[in-house]
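# Coordinate inspection notes
Given next are the chains, with one letter for each unit.
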Amino acid sequence: MAARNRGTELDLGWLVQVRVNQPAVLRRAAQIQTQRAVKKNWQAAWLLRAVSCIDLTTLSGDDTPSNVGRLCYKAKHPIREDLLKAMNMHDKGITTAAVCVYPARVVDAVKSLKAAGCDIPVASVATGFPAGQTALKTRLEEIRLAVEDGAREIDIVINRTLVLTGQWEGLYEEIRQCRQACGDAHMKTILGTGELGSLTNVYKASLVAMMAGSDFIKTSTGKEAVNATYPVGLVMVRAIRDFYWKTGCKVGFKPAGGIRTAKDALTWLSLMKEELGDEWLKPELFRLGASTLLADIERQIYHHVTGRYAAYYDLPMA
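Because the structure is a prediction, the values reported are computed rather than measured. (Residues numbered from 1 in each chain as written. Predicted model: local features only at pLDDT ≥ 70, side-chain atom pairs only at ≥ 80, totals over all residues. Heavy atoms only, no water.)

## Some points on the overall build of the protein chain
On a plain count of helices and strands, the protein chain comes out with 13 helices and 8 strands. Computed over the C-alpha atoms, the radius of gyration of the protein chain is 19 Å, within 12% of the 20 Å expected from 2.2 N^0.38 for a compact globule of 318 residues. Along the three orthogonal principal directions, the C-alpha set of the protein chain runs to about 55 × 45 × 35 Å. Counting only carbon and sulfur atoms, one obtains 51% of the accessible surface of the protein chain, whose full area is about 14,200 Å². Between the centroid of the 41 positive side chains of the protein chain and the centroid of its 33 negative side chains there is a distance of 5 Å. (Helix = DSSP H or I, 4+ residues; strand = E, 2+ residues; numbered from the N terminus. Rg over C-alpha atoms; globule rule 2.2 N^0.38 Å. Areas by Shrake-Rupley, 256 points an atom, 1.4 Å probe, with all protein chains shown as cover. Lys, Arg positive; Asp, Glu negative; His and termini not counted. Charge placed at Lys NZ, Arg CZ, Asp CG, Glu CD.)

In structure tokens:
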């Protein structure tokens with residue numbers, strides 16, 4: 001992770017001045033999606049970079065210790081060893097950025113990663129995920145318990161009611177308290193953008209989250225009807241850019257929900273490179289929240305190496 005975001009005082013004057021030009025945002029988002037894709041060796045290199053930025057996730061009601069153990073193994077070995085050797089990348093230590101689980105499964109993940117002999121951090125969702133509608137005291141205790149169990153990153157979810165009703169001071173205070181509860185663990189703040197009503201609210205919520213000390217801002221829980229979209233991502237990364245220009249603090253970005261294909265990953269990487277620059281193309285400042293994305297990336301790399309697409313049995317761990 002990058003250096004911690006210390007946060008700032010809540011600047012309501014900045015929020016009052018916010019205006020989002022929605023037609024311009026939609027045009028720019030469409031432009032990013034229609035750009036010519038990288039090919040061949042360049043595409044393979046970008047896909048491996050995407051792998052290193054994935055928060056490999058399982059957030060299902062039927063998660064078990066064995067499921068989590070399998071996920072952790074895949075996090076350490078995201079691409080088949082022979083494929084990496086064919087690209088001369090087998091000795092580069094390529095893993096996913098983190099493993100993301102429910103608080104109840106943090107102990108299982110920490111144990112599995114320790115047994116595998118790797119230092120991949122465990123991220124835990126918290127604060128009444130996915131709705132964020134439980135009492136603040138309960139949400140804060142959930143963070144503390146996850147950290148005590150070994151989580152090094154916490155993905156909190158905001159109470160969207162505070163955004164929809166314009167209670168910016170209340171939102172700022174809740175996120176500040178979450179930040180304190182995280183202690184040394186890095187905090188990613190999930191905005192639930194599909195439920196915020198407008199791009200202007202997305203920008204304002206992004207600013208408040210960063211002012212309150214979020215190390216990352218994240219689009220979605222993956223449980224909303226609308227999750228990570230490029231217009232929303234564009235608004236959020238421009239909020240990050242504006243916050244950096246004003247404060248000098250670099251905040252990370254994590255799109256999550258609905259990112260399933262290698263093409264999706266390449267588009268998000270392109271957006272980050274063009275809007276924030278190469279520095280935001282590293283896992284310290286960019287993550288992809290996904291559960292099925294890695295399987296498609298591995299298939300594309302298999303095709304790059306062998307010239308054919310993999311059968312189901314060729315990539316059993318995918």
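Now that the structure is up, let's keep going.
## Regarding the sheet that holds strand β8 (residues 288-290)
If you walk across this open sheet you meet the 8 strands as β7-β6-β5-β4-β3-β2-β1-β8, and the pairing is parallel. What marks the edges here is a single partner per strand, and that holds for β7 (252-254) and β8. Recorded for the sheet is a direction-independent mean angle of 25° between the axes of neighbouring strands. Relative to β8, strand β1 (residues 54-57) is paired through 3 bridges, and the arrangement is parallel. The partner of D55 across the bridge, within β8, is G289. (Pairing = 2+ DSSP bridges. Axes fitted to C-alpha atoms, helices over the stretch in contact; angles between N-to-C directions.)

## Focus on the pattern of salt bridges
A full pass over the atoms with the stated rule returns 25 salt bridges. For R4, the salt bridge is made with D215, and the minimal N-O distance between the two is 3.0 Å. One end of the pair, R4, is in the segment before α1 (12-16); the other, D215, is in the loop between α10 (199-211) and β6 (216-218), and 211 residues separate them in sequence. What makes R4 partly exposed here is its relative accessible area of 22%. For D215, a relative accessible area of 5% corresponds to the buried category. A salt bridge links R144 to E141; the nearest nitrogen and oxygen atoms lie 3.5 Å apart. With R144 and E141 both in helix α7 (residues 136-148) and 3 residues apart, this pair spans about one turn of that helix. With relative accessibility at 36%, the residue R144 sits in the partly exposed group. Through salt bridges that share partners, D55, E153, D155, K188, K218, K254 and R287 make up one connected network. (Salt bridge = Lys/Arg side-chain N within 4 Å of Asp/Glu carboxyl O. Buried < 20%, exposed > 50% of the residue type's maximum accessible area, 1.4 Å probe, protein only.)

## Here's the deal with the UniProt feature "active site" (unreviewed entry) in the protein chain
According to UniProt, the "active site" (unreviewed entry) feature falls on K218 and K254. A compact arrangement is adopted by the annotated residues: their sequence extent is 37 residues, whereas the largest C-alpha distance between any two is 4.5 Å. Restricting the annotated residues to those that line the largest pocket leaves K218 and K254. Take K218: it is sitting in strand β6. Assessed through its relative accessible area of 3%, K218 is described here as buried. For K218, the contacting residues outside a window of four places in its chain are D155, T189, I190, L191, M236, K254 and A256. In this structure K254 touches D55, D155, K188, F216, I217, K218, T219, R287 and G289, once residues within four positions along its chain are discounted. (UniProt positions renumbered as here; feature names shortened; annotations may be inferred. 1 Å grid on protein atoms, 1.4 Å probe; cavity = no way out; pocket = protein on both sides within 12 Å on 5 of 7 lines; lining within 4 Å. Contact = heavy atoms within 4.5 Å.)

## A closer look at the pairing of strand β4 (residues 153-157)
In terms of burial, β4 is a largely internal element, 5 of the 5 residues being buried. Taking every second residue as pointing to the same face, both faces of β4 are buried, with E153, D155 and V157 on one and I154 and I156 on the other. This β-α-β element, strand β3 (residues 122-125) to α7 to β4, shows right-handed connectivity. The pairing of β4 with strand β5 (residues 186-190) spans 5 bridges and is classified as parallel. Paired with I156 across the bridge in β5 is T189. (Right-handed = clockwise from strand over helix to strand, strands pointing away.)

## Focus: helix α2 (residues 22-33)
The end-to-end C-alpha separation of α2 is 17 Å, in line with the 16 Å expected for 12 residues at 1.5 Å each. Listed in full, the buried residues belonging to α2 are V25, R28, A29 and I32. For α2, the buried positions fall inside an angular range of 100° around the axis, keeping them on one side. In this structure, the buried residues of α2 make contact with α10, α11 (230-247) and α12 (262-276). (Expected span 1.5 Å × (residues − 1). Arc of directions from axis to C-beta.)

## Structural notes on the environment of V20
Examined against the element boundaries, V20 turns out to sit in the loop between α1 and α2. Along the primary structure V20 and L199 are separated by 179 residues, whereas in three dimensions their C-alpha atoms are 6.6 Å apart.

## A word on the layout of surface pockets
Roughly 640 Å³ of volume is contained in the largest pocket. Around the largest pocket sit 32 residues that line it, and T57, T58, A290, S291 and T292 are the ones nearest its centre. For the lining of the largest pocket, the secondary-structure elements that each account for two or more residues are β1, α4 (65-76), β8 and α13 (293-306). With 4 residues, the single largest contributor to the lining of the largest pocket is α4. (Points joined across faces, edges and corners; volume = space filled by probe spheres on them.)

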